[in-house]
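Each chain, written out:
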Amino acid sequence: MDMQKRRPIVLTGLQPTSGIHLGNYLGALQSWANIQDETDCLFFIADMHAITIPQDPGELRKNIIDCVAAYLACGLDSKKSHIFVQSQIAGHAELAWILSCIAPLGQLERMTQFKDKSSRQAGEFIGAGLLYYPVLMAADILLYNTHLVPVGEDQRQHLELTRDLAEKFNGIHGPLFNIPEPLIQGNCTRVMSLQNPTSKMSKSDHNSLATIFLSDDDDQIMKKFRSAVTDSGTEIRASDEKPGVQNLLNILSGVSGMSISELEVNHAGMGYGKFKTIVAEAVIECVRPIRERLETLKKDSQYLHSIVETGRAEAQARANATFASVCDLVGLARRPSI
Ligand code: ATP
Ligand code: LTN
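The rules behind each value
- Residues numbered from 1 in each chain as written.
- Chains lettered and ligands numbered in written order.
- Predicted model: local features only at pLDDT ≥ 70, side-chain atom pairs only at ≥ 80, totals over all residues.
- Heavy atoms only, no water.
- Salt bridge = Lys/Arg side-chain N within 4 Å of Asp/Glu carboxyl O.
- Helix = DSSP H or I, 4+ residues; strand = E, 2+ residues; numbered from the N terminus.
- Buried < 20%, exposed > 50% of the residue type's maximum accessible area, 1.4 Å probe, protein only.
- Near = heavy atom within 4 Å.
- Polar contact = N/O pair within 3.5 Å; in protein donor to acceptor, adjacent residues only side chain to side chain.
- Areas by Shrake-Rupley, 256 points an atom, 1.4 Å probe, with all protein chains shown as cover.
- Nonpolar A, V, L, I, M, F, W, Y, C, P; charged D, E, K, R; others polar.

## With respect to the pattern of salt bridges
Applying the stated criterion across every chain yields a total of 16 salt bridges. A salt bridge links Asp-66 to Lys-298, with the nearest nitrogen and oxygen atoms 4.0 Å apart. Residue Asp-66 is found in helix H4 (residues 57–73), and its partner Lys-298 is found in helix H13 (residues 272–298); the two are separated by 232 residues along the sequence. Glu-153 is paired through a salt bridge with Arg-156; the nearest N and O atoms lie 2.9 Å apart. The exposure class of Glu-153 is partly exposed, given its relative accessible area of 30%.

Shown next as structure tokens:
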């Protein structure tokens with residue numbers, strides 16, 4: 001066995017819906033880049049998760065390749081890690097079906113994300129894919145015998161379901177799957193909206209001032225922070241009664257690496273206006289090099305396609321091996337090709 005295979009297996013991904021934002025970066029991408037040396041990393045683009053809500057086909061295909069560019073711009077390195085697209089590996093959907101047969105319907109209906117997303121679509125069409133979203137996520141993870149799954153805090157419940165399904169499968173069919181652990185890292189695992197700091201920063205926010213995108217220029221970032229909602233007080237302190245200020249402190253901690261208590265001391269007595277400018281400047285310095293790399297990478301679509309082609313070959317080989325064992329254990333017909 002070579003060294004590469006003995007390191008813990010890490011797998012994670014993002015949905016290629018337009019606009020990667022500061023929440024995605026601080027809650028996810030930033031820490032992914034930092035674990036590539038010690039772990040065996042698989043980073044994928046969750047395009048099949050993206051179609052749980054309606055997508056324009058042309059836009060989706062463009063967003064997939066833009067997402068590859070964003071991964072690289074945020075420091076993922078295709079020489080250290082494998083970068084691939086979920087829909088190119090049929091085993092994700094196949095294993096999801098097998099897992100769905102042992103997934104308790106009630107547990108899926110109780111998932112916070114399902115309840116949130118389906119209530120936002122109340123009165124409209126809600127596809128069953130939204131309910132099965134976490135089962136597909138479990139399949140993504142178990143197909144590669146993953147040990148660690150870096151995600152933001154909002155994904156913890158999905159990881160619990162994955163662990164339950166892995167244990168249940170192993171209990172019924174015999175030991176196959178590792179029981180994966182969530183890896184929730186970084187100073188800032190939950191970035192909130194700049195306009196409504198009690199809900200998370202999201203690309204689908206209707207208020208364009210709520211979300212900082214990695215493609216935003218310096219002026220846009222400054223403008224959004226200057227109009228960030230705070231409270232009527234003056235104290236720079238992290239507390240649940242001051243969600244706006246707490247969010248700004250969290251963001252500054254995420255981009256600077258300094259602890260909240262250090263930041264509270266350093267900015268004591270400063271007015272909110274000045275503090276917002278300081279946070280904006282720190283975010284501008286963090287986002288600028290990423291934005292510049294992103295712009296350059298997006299111009300070379302041939303290179304980006306070659307990255308996912310190399311990643312696909314490695315992912316396919318690993319997925320085939322796991323899926324052959326799954327078929328054996330479940331009693332499904334063996335594939336002549338695997
Ligand atoms: P949407 O904006 O539509 O809610 P999203 O931004 O959550 O979608 P995902 O692809 O679902 O997009 O999330 C990608 C990763 O980014 C996940 O690991 C998630 O936990 C993390 N993440 C997303 N939003 C935030 C946030 N506001 N703060 C911290 N992490 C976040
Ligand atoms: N739901 C995830 C994206 C995702 C994922 C995964 C993350 C789909 N499959 C498997 C980690 C492992 C999200 O971050 N919103």
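After presenting the structure, the write-up continues.
## Some points on the site of ligand 2
What surrounds ligand 2 is a group of 14 residues, the closest being Phe-44, His-49, Tyr-133, Asp-140 and Gln-155. A distance of 2.6 Å separates a nitrogen atom of ligand 2 from a polar side-chain atom of Tyr-133. Note that a nitrogen atom of ligand 2 is positioned 3.1 Å from one of the side-chain N or O atoms of Gln-155. Its free accessible area being 360 Å², ligand 2 has 92% of it covered by the protein chains. Residue assignment for the shell around ligand 2 shows that the elements contributing at least two residues are strand S1 (9–14) and helix H8 (128–142). Per element, the largest residue contribution to the shell around ligand 2 is 4 residues, and it comes from H8. Here the shell around ligand 2 is built from residues that sort into 8 nonpolar, 5 polar and 1 charged.

## Quick notes on unusual backbone geometry
For Asn-145, which is not glycine, the phi dihedral falls at a positive 50°. Secondary-structure assignment places Asn-145 in the loop between H8 and strand S4 (148–150).

That is the geometry; function is a separate question.
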